[in-house]
Amino acid sequence: MSNNYTPDEMMTIVASRALKNDDVCFVGIGAPSAACNIARLTHAPDITLIYESGTIGTAPNILPLSIGDGELCETALTTVSVPEMFRYWLQGGRITIGFLGAAQLDKFGNINTTVIGDYSNPKTRLPGGGGAPEIASSAKQVYITMKQSLRGMVEKIDFFTSFGHGSGGKDRRSINIDTEGPSLLITDLAIWKPDRISKEFIVQSLHDGVTRDMVQDKCGWKVKYSDNIEVTEPPTHLELKTLRDLNERTKIANSRKDTD
Amino acid sequence: MSNNYTPDEMMTIVASRALKNDDVCFVGIGAPSAACNIARLTHAPDITLIYESGTIGTAPNILPLSIGDGELCETALTTVSVPEMFRYWLQGGRITIGFLGAAQLDKFGNINTTVIGDYSNPKTRLPGGGGAPEIASSAKQVYITMKQSLRGMVEKIDFFTSFGHGSGGKDRRSINIDTEGPSLLITDLAIWKPDRISKEFIVQSLHDGVTRDMVQDKCGWKVKYSDNIEVTEPPTHLELKTLRDLNERTKIANSRKDTD
Amino acid sequence: MTKFLSLEEGVSENLKTGNQVCFEGFTHLIPHASAHEVIRQKIGRLTIVRMTPDVIYDQLIGMGLVKKMIFSYAGNPGVGLLRRFRDSIENGWPNKIEIEEHSHSAMAHAYEAGAAGLPCAIFRGYKGAELRKVNSNIKTITCPFTGEELTAIPALNPDVAFIHAQKADKKGNVLVEGILGVQKEAVLSSKRSVVTVEEIVDKFDCHPNTTILPYWTISAICHVPGGAHPSYARGYYKRDNATYIEWDKVASDREVFSSWMQENVINETPKIFQNRIKNLKEEDDE
Amino acid sequence: MTKFLSLEEGVSENLKTGNQVCFEGFTHLIPHASAHEVIRQKIGRLTIVRMTPDVIYDQLIGMGLVKKMIFSYAGNPGVGLLRRFRDSIENGWPNKIEIEEHSHSAMAHAYEAGAAGLPCAIFRGYKGAELRKVNSNIKTITCPFTGEELTAIPALNPDVAFIHAQKADKKGNVLVEGILGVQKEAVLSSKRSVVTVEEIVDKFDCHPNTTILPYWTISAICHVPGGAHPSYARGYYKRDNATYIEWDKVASDREVFSSWMQENVINETPKIFQNRIKNLKEEDDE
């Protein structure tokens, strides 16, 4: 066990712990990709990682910069076309965990990655939804990872890029979504799960050294806590080494070769 | 040129002559398959042959017994899945010539390969339509080959497996089919083309040695003839040799090896 | 998650009386051994599904195990009609099966929709075709953009799919190559799937875009060399065209059929298939 | 029927002012050289289509050649936002482009429908998603069998598709392998298509199920080694991640952008691409 780690590392490692050996994950770039691969390299060697570029059962030795790096294809069980990926694999209901990030997130797990401000005249135009609208409805569960900030975790998101639990309660069922939706939120400060009835995210566990004030200071809604709040176990030596080795390999591979 | 040939050989060779080097043919088993390959082995070396088993640009050295013989895949440019074949290639409008045979045919090119008699209590249950219903509507043109008989060429077919020109005239347009439909009928006795207006098949050419009576004796409707009726050129030596060599190679390949 | 089972177990654990089941294969890789095992286990009242029902469907029908057939072309390819199928439809022997008849394009779209998790497929089909009048599962839908009337059919989602494939690896991933048919769609659209394979290897070493079904999409893998005979398995053995031609005679007479089935199916085991391909190995020609 | 042309001719013969055009590629095989040629030829008022518009779309927009963009994710993958795209949307520089925005699943279905000759696609999409409210090309349709409300979108049928591929053979057949994206669908759904390739070979020698586009589906083939850079071509050269990261800086400032474009695009020819991949050859690592 080590005390010497960053909140980012903590977030990635906690996310990796939530994954099981028989999960089939639809992986996004960034923290989700790192988390999924740490899981694969530690406690879940048989986990199936799927990237939307069509690579199924991939096992990259370095983290891809993009969703379609060559490394993903070379180490995959097979690579299918993008239409097949979205039709047979995502919409076909074969994904157990869809990983999503967010520019803005509300307490019901609704996500905005489209615009800040008005859609037609945005203050900031973001990349848009990509796979997220259907990952949110077709994956059996959705895990969300994000670094907490007042700009990111907001009372009301500017645009519903993907639907979480709507206004809470049975909102998903009411629009005929039969998957579970966001069931886990992992931030750099805490682990959150939706309340069974209201579906509002509730803090279940504070990362080692994090206080309730620290969580509230970086969250735009009034934070609720579980009655049995826990302290997240810090990264183990193995977890941290696995993550850092992976990042180091990735950094070396992505550096420019200026001369031959 | 040779006088020593069968009506079947004549039919196949005449059909092969109708094919052009830049045609993309959706090939059925039997006479169409032989005709397409004779064309490929004589005047149309670059013709694209597609079998519904998914083989695109195939060049079999022997005639396949079934629509999915290994020979078709081994000699193909590429082999795609059957759903892709029917979706991207046939329905996508990429086929210039669809070849159809018929158990029953009427004078407007409508085809029955489903049942003789009533659908629910048939006298003879035939194999059914397979690819034909959509070949008939999606291929740019349809060529029909069949041996003439009173049972086969009938005033009224028992079941519309695939739609030709309906009751003639603009019937195809009236049900929103925008392809040309049956544009050529090649029998063992004659070459027929639809009248420009009525769409009824008219004899254009009698095979060498065939009389009008012979055609009428084996056709269940009152046969009409073109004003400029021609005599079909008999098979050339090359055509006949190519066909017979192909059939011989095929026969050898399909014979059982009883001992090692 | 897949299990490696004997074919006897693979069939008995996955196929139940009254199920809807497909044994897919488009000339290539037809799962004959699996159908024969179903016949030996006398699993009946089946709704059998296939684009191109051929010999094994003739056999299932002739043995009285079939309640209904959903299909698009029922023939002995390149040879002629299916005589046991005809005897059922025309004379009700041993029972008159129900049929739901489609075109190939419709069936292909229906499997695709099933694999894609959709309740129905839309396509441009059946224009002027009379099947529309006799099959209530052919409906229409209007394109909300162009106003064009399109054809709609329900997705296929069989209870069980049986396919035959070239290889499985030790984890249970399955590789199919050559003429692919609708096998991938059959497996992905079905609730359960049983795959017989020619060979089990440590690891695949193949092109990145090869058709591979991950182990977690398959219920059971059974090692049955020759299990496609008289169909073929590219890279292993050739199609036994002579046997297809002979089937026409066997099936033409009820008694000949019944004694043939007793001798060649009921009294046999899946092991017989490896003998049947002995003279058909691909290297024989090379 | 395909023609072998220079890239200059391939572009000028096929792309016209005001066309709808896609330059497809999903991280892999992005047709950079083709987009640069379009920029040099100043073909404008384009409607550009792509699932993942990235650097070349930022460049086309920044050069003022774009009227409208149809897309599902506009980012510099793994790096950040597209700054020229943002400048257009947020500040109208050099012009404010129209957008039609979708999800990946919708775009993939729309290309598929286009390739399959259908006017629209149905899928289970956009549930609770707000794009429904801002995009009038997202409609609903009711399944005639289950009553389920499904989402419908119009098929994509661009005037021209540009893709980059590994190989063409002498007849003009095109081989694509590795991450396939929606390139096959892009070509098959488009009225015309231009393919840049790394290499022209006599004949392919490959797995029977490899993705090959027959020569009669392609309008023009242009031999442009390195034509995907800084994207990559499996088997030839690696992705130049450093260049993608640098793009973020170039695009952050209008003047830096303009002079970069002058120097690296306007003043160059397609030949420059083979120099750009010199240090990225796959064998460098092996």
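Residues numbered from 1 in each chain as written. Chains lettered and ligands numbered in written order. Predicted model: local features only at pLDDT ≥ 70, side-chain atom pairs only at ≥ 80, totals over all residues. Heavy atoms only, no water.

In this section: the confidence of the model for chain C. Confidence along chain C averages 96 in pLDDT terms, with 99% of residues attaining 70 or more. With pTM at 0.97, the complex prediction returns an ipTM value of 0.96. (pLDDT = per-residue confidence, 0-100.)

What follows deals with the packing of helix H2 (residues 32–40) of chain C against helix H3 (residues 55–62) of chain C. Residues and elements named next belong to chain C. Where H2 contacts H3, the axes come no closer than 10 Å and their chain directions differ by 5°. As the angle between them shows, H2 and H3 are arranged roughly parallel. Across the interface between the two elements, His32, Ala35, His36, Val38 and Ile39 from H2 touch Val55, Ile56, Gln59 and Leu60 from H3. When its residues are assigned to classes, the contact of H2 with H3 shows six nonpolar, three polar and no charged. (Axes fitted to C-alpha atoms, helices over the stretch in contact; angles between N-to-C directions. Helix = DSSP H or I, 4+ residues; strand = E, 2+ residues; numbered from the N terminus. Parallel < 35°, antiparallel > 145°, perpendicular 65-115°, else oblique. Contact = heavy atoms within 4.5 Å. Nonpolar A, V, L, I, M, F, W, Y, C, P; charged D, E, K, R; others polar.)

So, about helix H2 (residues 31–41) of chain B. All names here are of chain B. Most of H2 sits inside the fold, with nine of its eleven residues counted as buried. Here H2 has its buried residues at Pro32, Ser33, Ala34, Ala35, Cys36, Asn37, Ile38, Ala39 and Arg40. The elements touched by buried residues of H2 are helix H1 (7–17), strand E1 (24–27), strand E2 (48–51), strand E5 (97–100), strand E10 (141–146) and helix H8 (237–254). (Buried < 20%, exposed > 50% of the residue type's maximum accessible area, 1.4 Å probe, protein only.)

At the junction of the two partners, chain D supplies 55 residues and chain A supplies 50 residues. For the chain D and chain A pair, buried surface summed over both sides reaches about 4200 Å², with 55% attributable to carbon and sulfur atoms. Asp69(A) is the partner of Arg239(D) in a salt bridge, and the nearest nitrogen-oxygen pair spans 3.9 Å. At the boundary of chain D and chain A, one finds 22 residue pairs in polar contact (both at pLDDT 80 or more). Counting residues per element, the ones that place at least two in the side of chain D that touches chain A are helix H4 (83–91), strand E7 (98–101), helix H5 (104–115), helix H6 (131–134) and helix H8 (241–250) of chain D. Among the residues forming the side of chain D that touches chain A, the class breakdown is 23 nonpolar, 16 polar and 16 charged. (Buried area = accessible area lost by both parts, 1.4 Å probe. Salt bridge = Lys/Arg side-chain N within 4 Å of Asp/Glu carboxyl O. Polar contact = N/O pair within 3.5 Å; in protein donor to acceptor, adjacent residues only side chain to side chain.)

Residue and element names in this part refer to chain D. With respect to the secondary-structure elements, Glu268 resides in the loop between helix H9 (254–266) and helix H10 (272–276). We classify Glu268 as partly exposed; its relative accessible area is 26%. As a C-alpha pair, Glu268 and Ile221 span 47 residues in sequence and 20 Å in three-dimensional space. Excluding its chain neighbours within four sequence positions, the residues that come into contact with Glu268 are Arg40, Glu263 and Arg276.

Okay, the sheet that holds strand E10 (residues 149–154) of chain D next. Pairing between the strands of a sheet is mediated by backbone hydrogen bonds and can be parallel or antiparallel. All names here are of chain D. Pairing in this open sheet of three strands is antiparallel, and the strands run E8-E10-E9 from one edge to the other. Edge positions in the sheet fall to strand E8 (120–123) and strand E9 (139–142), since each of these pairs with one other strand and no more. Across this sheet, the average inter-strand angle for adjacent strands is 40°, counted without regard to direction. Pairing of E8 with E10, which is carried by four bridges, proceeds in the antiparallel orientation. Bridge pairing in E10 places Ala121 opposite Ile153. Strand contacts of H5: E8 and E10, with the helix running at about 135° to E8, the strand carrying the most contacts. (Pairing = 2+ DSSP bridges.)

Core analysis: the largest hydrophobic core is formed by 332 residues, its most contacted members being Trp192(A), Val215(A), Trp192(B) and Val215(B). If sequence neighbours within four positions are ignored, Val215(A) has contacts with Gln148(A), Leu189(A), Ala190(A), Trp192(A), Val203(A), Leu206(A), Val210(A), Val223(A) and Tyr225(A). (Core = buried A, V, L, I, M, F, W, Y, C linked by side-chain atoms within 4.5 Å.)

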